[in-house]
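# Breakdown of the fold
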Amino acid sequence: MYGKLKPILEGELATARENGTYKEERVLESPQGREITVGGKKYLNFCANNYLGLSGTELMEKASEEAVKKWGYGLASVRFICGTQTIHKDLEKAVAELVGTEDAVLYSSCFMANLGLFQTFFGAEDAIISDALNHASIIDAVRLSKAERHVFAHMDMADLEEKLKAARGKRLVVVATDGVFSMDGDIAPLKEICDLADKYGALVMVDDAHATGVMGESGGGTPEYCGVAGRVDFITGTFGKALGGAGGAFTATRKEAAEYLRNRSRTYLFSNSLDTAVTGASLFVIDYLKSHPDYRERLWENTRNFRELMKKEGFKVPDAKHPITPIMLGDEKKAVEMAAALFEEGIYVIGFAYPVVPKGTARIRVQVSAAHTKDDIEKAVAKFAEVGKKFGVV
Ligand SMILES: *Cc1c(COP(=O)(O)O)cnc(C)c1O
């Protein structure tokens, strides 16, 4: 009886349109890249998670083509039946080496990696302590576990300590945090988190989706950046952002924990093995980046350059340490309308307002990429200044 559901959906969708949370999909008529085509017009793209500029490149296209040629298109099997090839084992090894853990287990996405983590290790006699601004996939993943739940105020170490005290007496306690938070580009204080976890005998889980391949001297992510590589018990990450952008993900962890995931993690066990194109191309890119540090160097140079130029124009830009750069506007309507005006001018950026971000912190989020040229950055800043003046922001 769809007739019963239809009016409910129509009502909800109308409400979403009214309060500005309706999601309109912009359709790209080109590959992903620094420049994309939408509606027959070219735009400079500043809203992809394409930090190293590898998405849509011939380099990745060739690596995936070669993998498919050598290993076939698909496996039609889960890993433990007949879906494990040499490249899967090699990629798990390469990921573990990259992020500094003993082992790693592949998943179809980081969402699945998170869903398959908490419920596997933590039950009713355990507790999970989660940052208030953690990614939706962590929130859902925590709900799937029967463990006691605590939420600590965003990056608030005093509150985390309170929650660790409250969870004393549980069999296992785990602190879960994003490595980089996507709305502000702020980085979890992992050194402090690991110290507190040690003090209270807790485990640490970091979702490094925005950081693998990006943060740290060798792209090992926020644990490397914060000097705690080897101290974090579970790191989830994705190949769907900086590392090529097609999809695929992992949980990197200690030896027994990886073995346990391969035996018990439901989103791993009962889902097809990672496809050959992504597996082969991810294996390629991890190796390739070892001898091409220039990708990360360009990313940081562009990020610094963009921030400095924006500040010179009078914009409010927080001193974050990640290519995610929020341009703080405060006013809800302004953020959305200014992003639309920038789009008209050929700059694709996204405005975020309440309820996606807290009231009064509306912003335009800019994501800088290694693919951007100096000209791209300068052009984007010039357009920001032009549009910002019209809106009375600068
Ligand atoms: C993007 C993202 C995910 C989801 O990654 P997929 O591989 O696309 O499923 C999970 N966690 C965080 C923090 C993310 O930013």
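Residues numbered from 1 in each chain as written. Predicted model: local features only at pLDDT ≥ 70, side-chain atom pairs only at ≥ 80, totals over all residues. Heavy atoms only, no water.

A few words now on the domain arrangement of the protein chain. Many authors give the size of an interface as the accessible area that is lost as the parts come together. Each assigned domain of the protein chain is listed here: domain 1 (18-47 + 293-390) and domain 2 (58-290). Each of domain 1 and domain 2 has a C-alpha centre, and these two points are 28 Å apart. Facing the 17 residues of domain 1 at the interface are 20 residues of domain 2. Both faces combined, the contact of domain 1 with domain 2 buries some 1,400 Å², and carbon together with sulfur accounts for 57% of it. When residues of domain 1 are sorted by the area they lose upon contact with domain 2, Tyr-295, Arg-296 and His-322 head the list and together hold 42% of the total. At the surface where domain 1 touches domain 2, the tally comes to 1 salt bridge. In this structure, Arg-363 engages Asp-184 in a salt bridge whose closest nitrogen and oxygen atoms are separated by 3.2 Å. At the junction of domain 1 and domain 2, the tally comes to 6 residue pairs in polar contact (both at pLDDT 80 or more). Among the secondary structure elements, those contributing two or more residues to the side of domain 1 that touches domain 2 are helix 13 (294-312), strand 10 (324-330) and strand 13 (362-367). When residues of the side of domain 1 that touches domain 2 are assigned to their parent elements, the largest contribution, 4 residues, is made by helix 13. In terms of residue class, the side of domain 1 that touches domain 2 is built from 11 nonpolar, 2 polar and 4 charged. (Domains from an automatic or database assignment. Contact = heavy atoms within 4.5 Å. Buried area = accessible area lost by both parts, 1.4 Å probe. Salt bridge = Lys/Arg side-chain N within 4 Å of Asp/Glu carboxyl O. Polar contact = N/O pair within 3.5 Å; in protein donor to acceptor, adjacent residues only side chain to side chain. Helix = DSSP H or I, 4+ residues; strand = E, 2+ residues; numbered from the N terminus. Nonpolar A, V, L, I, M, F, W, Y, C, P; charged D, E, K, R; others polar.)

Counting through the fold element by element, Ala-209 comes out in the loop between strand 7 (203-207) and helix 9 (222-225). Put simply, Ala-209 and Gly-179 are 30 residues apart on the chain and 7.6 Å apart in space, counted from C-alpha to C-alpha. Beyond its immediate chain neighbours, meaning those up to four positions away, Ala-209 contacts Cys-110, Thr-236, Gly-237, Thr-238 and Lys-241.

If you check the shell around the ligand, you find Ser-109, Cys-110, Phe-111, His-135, Ser-137, Asp-178, Asp-207, Ala-209, His-210, Thr-238 and Lys-241 and nothing else. In the model, an oxygen atom of the ligand is placed 3.5 Å from a nitrogen or oxygen of the Ser-109 side chain. At a separation of 2.5 Å, an oxygen atom of the ligand approaches a polar side-chain atom of Lys-241. For the ligand, whose unbound accessible area comes to 380 Å², protein coverage reaches 82%. Looking at side-chain class alone, the shell around the ligand contains 3 nonpolar, 5 polar and 3 charged residues. (Near = heavy atom within 4 Å. Areas by Shrake-Rupley, 256 points an atom, 1.4 Å probe, with all protein chains shown as cover.)

This part covers the pattern of salt bridges. Under the criterion given, the structure shown has 26 salt bridges. Residues Arg-262 and Glu-92 are paired through a salt bridge, measuring 3.1 Å at the closest nitrogen-oxygen approach. Here Glu-92 lies in helix 4 (residues 86-99) and Arg-262 lies in helix 10 (residues 255-264), a separation of 170 residues in the sequence. Since its relative accessible area comes to 1%, Glu-92 is described here as buried. Here Lys-290 ties to Glu-97 by a salt bridge, and the two come within 3.7 Å at their closest N and O atoms. Within this pair, whereas Lys-290 is found in helix 12 (residues 276-290), its partner Glu-97 is found in helix 4, the two being separated by 193 residues in sequence. Overall, Lys-290 belongs to the exposed group, its relative accessible area being 54%. A relative accessible area of 59% places Glu-97 in the exposed class. (Buried < 20%, exposed > 50% of the residue type's maximum accessible area, 1.4 Å probe, protein only.)

A few words now on helix 4. Here helix 4 spans 20 Å end to end across 14 residues, near enough to the 20 Å set by a 1.5 Å rise per residue. Restricting attention to buried positions, one finds in helix 4 the residues Ile-87, His-88, Leu-91, Glu-92, Ala-94, Val-95, Ala-96, Leu-98 and Val-99. Following helix 4 by one or two positions, Gly-100 has its phi on the positive side, about 80°. (Expected span 1.5 Å × (residues − 1).)

Before going further, it helps to examine the pairing of strand 5 (residues 148-152). Sheet topology places strand 4 (residues 127-131) next to strand 5; 5 bridges connect them, and they run parallel. Residue pairing across strands places Ala-127 opposite Glu-148, the latter belonging to strand 5. (Pairing = 2+ DSSP bridges.)

By the bridge criterion, 4 bridges tie strand 1 (residues 35-38) to strand 2 (residues 41-45) in an arrangement that is antiparallel. The residue bridging Glu-35 from the neighbouring strand is Leu-44, located in strand 2. Where strand 1 folds back onto strand 2 in an antiparallel hairpin, the turn is made up of 2 residues, including Gly-39, whose phi is positive at roughly 60°. Bridge count for strand 2 against strand 11 (residues 347-348) is 2 bridges, and the pairing is parallel. Its bridge partner lying in strand 11, Asn-45 is registered against Tyr-348.

Strand order in the open sheet made by the 3 strands is 10-13-12, with antiparallel pairing throughout. Edge positions in the open sheet fall to strand 10 and strand 12 (350-352), since each of these has one partner strand only. The sheet shows a mean angle of 30° between the axes of neighbouring strands, direction not considered. Judged from the 6 bridges that link them, strand 10 and strand 13 form a sheet pairing that is antiparallel. Pairing of Ile-324 across the sheet is with Gln-367, part of strand 13. (Axes fitted to C-alpha atoms, helices over the stretch in contact; angles between N-to-C directions.)

Now for a negative patch on the surface. Among the surface-exposed residues, Glu-58, Glu-61, Glu-65 and Glu-66 lie close enough to one another that they form a single negatively charged patch. Note that Glu-65 resides in helix 2 (residues 58-71). Judged by relative accessible area, which is 41%, Glu-65 ranks as partly exposed. (Patch = residues over 30% accessible without salt bridge, like charges linked within 9 Å, V, L, I, M, F, W, Y side chains within 5 Å. Lys, Arg positive; Asp, Glu negative; His and termini not counted. Charge placed at Lys NZ, Arg CZ, Asp CG, Glu CD.)

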